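Below, each chain spelled out in residue letters.
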Amino acid sequence: MSTIAAFYEGKSILITGATGFLGKVLMEKLFRTCPGLKVIYILVRPKAGHTLQQRVVQILNSKLFEKVKEVCPNVHEKIRAIKSDLNHSDLAISKEDMQELLSCTDIIFHCAATVRFDDHLRHAVQLNVIATQKLLLMASQMPKLKAFIHLSTAFSNCNLKHIDEVVYPCPVEPKKIIDSMEC
Ligand SMILES: NC(=O)c1ccc[n+]([C@@H]2O[C@H](COP(=O)([O-])OP(=O)(O)OC[C@H]3O[C@@H](n4cnc5c(N)ncnc54)[C@H](OP(=O)(O)O)[C@@H]3O)[C@@H](O)[C@H]2O)c1
C-alpha cells in the first residue's frame, strides 16, 4: 500500500465542488487509489431539476467512474451527498448533517468556486471568498481535522507577468471587499 493510501485508511473526507471538473476527478482518484477510505461527504445542491441523489447517480454512471466501480464495487455506499448551497449565509446545511460533518471529517478539499472570469464581483466574492471563509470557520470546529485543501481560483494574480509560488499581499484589504459586498 502506498503511503498516500495508508494515510487515507479509515478517513472521512469532505469535498465541495464534487460535481465540477476538478472535484469529479479528485473523487475518482481517491476512490480508485485509496480503497480503505471510510466515506466521502460531498456538498451538493439540487440543480436543473435533478435531486442530490440523481446527481450522484449521474456521476457514478459516467465513463470516468468505470474503473472505480471495478476496483471498488461498493463505491455508492461510500459517497454521502449532503445538501448545501455555498451562497447561503449558513451554507444551508441541516443541523444533523452539520453535526455529523463536524464530528467525523478528517480532511477537507474545497473545490467549489465560480471560474467565470466575467462573473459579477458580488457573486465571485460571495462564492470564492465568503463561502471559503465560512468553510474555514466550520473547519476550525472539527476536532479530527488534519488538512484543509483549498483549490483556489486560477489566474488570481493575472496582473503579474511572472508569478512565484508565494502568497502575494492583497492590494485591497480583503475585509473591505467583503464589507462592500454587503452595501
Ligand atoms: N479546471 C482547472 O483546470 C483548474 C486548475 C487549477 C485550479 N482550478 C480551481 O479549482 C476550482 C474548481 O474548478 P473547476 O474547474 O472544477 O470548476 P467547475 O467545473 O465550474 O466546478 C465548480 C463546482 O463548484 C460548485 N458550486 C458552484 N456554486 C456552488 C454553490 N453555490 N453551492 C455549492 N456548490 C457550488 C459547482 O456545483 P454545481 O455542479 O452545482 O454547479 C461545481 O461542483 C476553482 O477554484 C478553479 O479556479 C481549476
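What you see is a predicted model, and the numbers here were worked out from it, not measured in a lab. (Residues numbered from 1 in each chain as written. Predicted model: local features only at pLDDT ≥ 70, side-chain atom pairs only at ≥ 80, totals over all residues. Heavy atoms only, no water.)

Asks: Summarise helix α3 (residues 52–60); cite the residues concerned and give the values.
Replies: Of the residues making up α3, those classed as buried are L52, R55, V56, I59 and L60. Here the buried residues of α3 occupy an arc of 135° about the axis, which is enough to place them on one side. Next to the buried residues of α3 lie α2 (21–33), β2 (39–44), α4 (66–71), α5 (75–78) and β3 (79–83). (Buried < 20%, exposed > 50% of the residue type's maximum accessible area, 1.4 Å probe, protein only. Helix = DSSP H or I, 4+ residues; strand = E, 2+ residues; numbered from the N terminus. Arc of directions from axis to C-beta. Contact = heavy atoms within 4.5 Å.)

Asks: Please give an account of the nonpolar core that cites residues and values.
Replies: Membership of the largest hydrophobic core comes to 27 residues, with the highest contact counts inside it found for I15, M27, L30 and I42. Mapped by element, the contributors of at least two residues to this core are α1 (3–8), β1 (12–16), α2, β2, α3, β3 and β4 (107–110). Counting 19 residues, the second largest nonpolar core, distinct from the first, contains Y41, I82, L102 and M142. (Core = buried A, V, L, I, M, F, W, Y, C linked by side-chain atoms within 4.5 Å.)

Asks: Describe in detail the packing of aromatic side chains, supporting the description with residues and values.
Replies: The full count for this structure, using the stated rule, is 1 aromatic pair. Residues F7 and Y8 carry aromatic rings whose centres are separated by 5.1 Å and whose planes lie at 85° to one another, so their mutual orientation is edge-to-face. Looking at Y8, the relative accessible area reads 10%, which means it is buried. Positioned above the aromatic ring of F7, the side-chain terminus of K11 is 5.0 Å from the ring centre. (Phe/Tyr/Trp six-rings, centres within 6.5 Å; stacked < 30°, edge-to-face > 60°. Lys NZ or Arg CZ within 6 Å of the ring centre and 35° of its normal.)

Asks: I'd like a rundown of the site of the ligand, residues and numbers included.
Replies: With respect to spatial proximity, 20 residues lie near the ligand, and among them T19, R45, K47, R55 and D85 are the closest. Contacts to the ligand include F21, whose backbone N or O atom sits 2.8 Å from an oxygen atom. Notes on the ligand: free accessible area 900 Å², of which the protein chains cover 77%. (Near = heavy atom within 4 Å. Polar contact = N/O pair within 3.5 Å; in protein donor to acceptor, adjacent residues only side chain to side chain. Areas by Shrake-Rupley, 256 points an atom, 1.4 Å probe, with all protein chains shown as cover.)

Asks: Can you break down a nonpolar patch on the surface residue by residue, with the values?
Replies: Taken together, the side chains of F21, L22 and L151 make up a nonpolar region of the molecular surface, amounting to roughly 330 Å² of accessible area. Along the polypeptide, L22 turns up in helix α2. Judged by relative accessible area, L22 falls into the partly exposed class, the value being 48%. (Patch = residues over 30% accessible without salt bridge, like charges linked within 9 Å, V, L, I, M, F, W, Y side chains within 5 Å. Salt bridge = Lys/Arg side-chain N within 4 Å of Asp/Glu carboxyl O.)

Asks: For the packing of helix α7 (residues 121–139) against helix α8 (residues 174–181), give the residues involved together with the corresponding values.
Replies: For the pair α7 and α8, the least separation of the axes is 10 Å and the interaxial angle reads 120°. Taken together, the axes of α7 and α8 are oblique relative to one another. When the axes of α7 and α8 are compared, the crossing they make is left-handed. Contacts between α7 and α8 pair L121, R122, V125, V129, I130 and Q133 from the former with I177, I178 and M181 from the latter. (Axes fitted to C-alpha atoms, helices over the stretch in contact; angles between N-to-C directions. Parallel < 35°, antiparallel > 145°, perpendicular 65-115°, else oblique. Left-handed = near helix turned anticlockwise from the far one by under 90°.)

Asks: Summarise the pairing of strand β5 (residues 147–150); cite the residues concerned and give the values.
Replies: In the sheet, β4 pairs with β5 via 4 bridges, with the strands oriented parallel. Bridged to H110 within β5 is H150. For the handedness criterion, the β-α-β arrangement of β4, α7 and β5 is classed as right-handed. (Pairing = 2+ DSSP bridges. Right-handed = clockwise from strand over helix to strand, strands pointing away.)

Asks: Which residues make up the environment of H120, and what values do they have?
Replies: Mapped onto the secondary structure, H120 falls in the loop between β4 and α7. Residue H120 is classed as exposed on the basis of its relative accessible area, which comes to 64%. The sequence separation of H120 and T132 amounts to 12 residues, and the corresponding C-alpha distance is 17 Å.

Asks: Pulling in residues and values, what's your account of the pattern of salt bridges?
Replies: Counted under the stated rule, the structure contains 8 salt bridges. The shortest N-O distance in the salt bridge between D106 and K146 comes to 2.9 Å. One end of the pair, D106, is in the loop between α6 (95–104) and β4; the other, K146, is in the loop between α7 and β5, with 40 residues separating them in the sequence. Here D106 falls in the buried class, since its relative accessible area comes to 3%.

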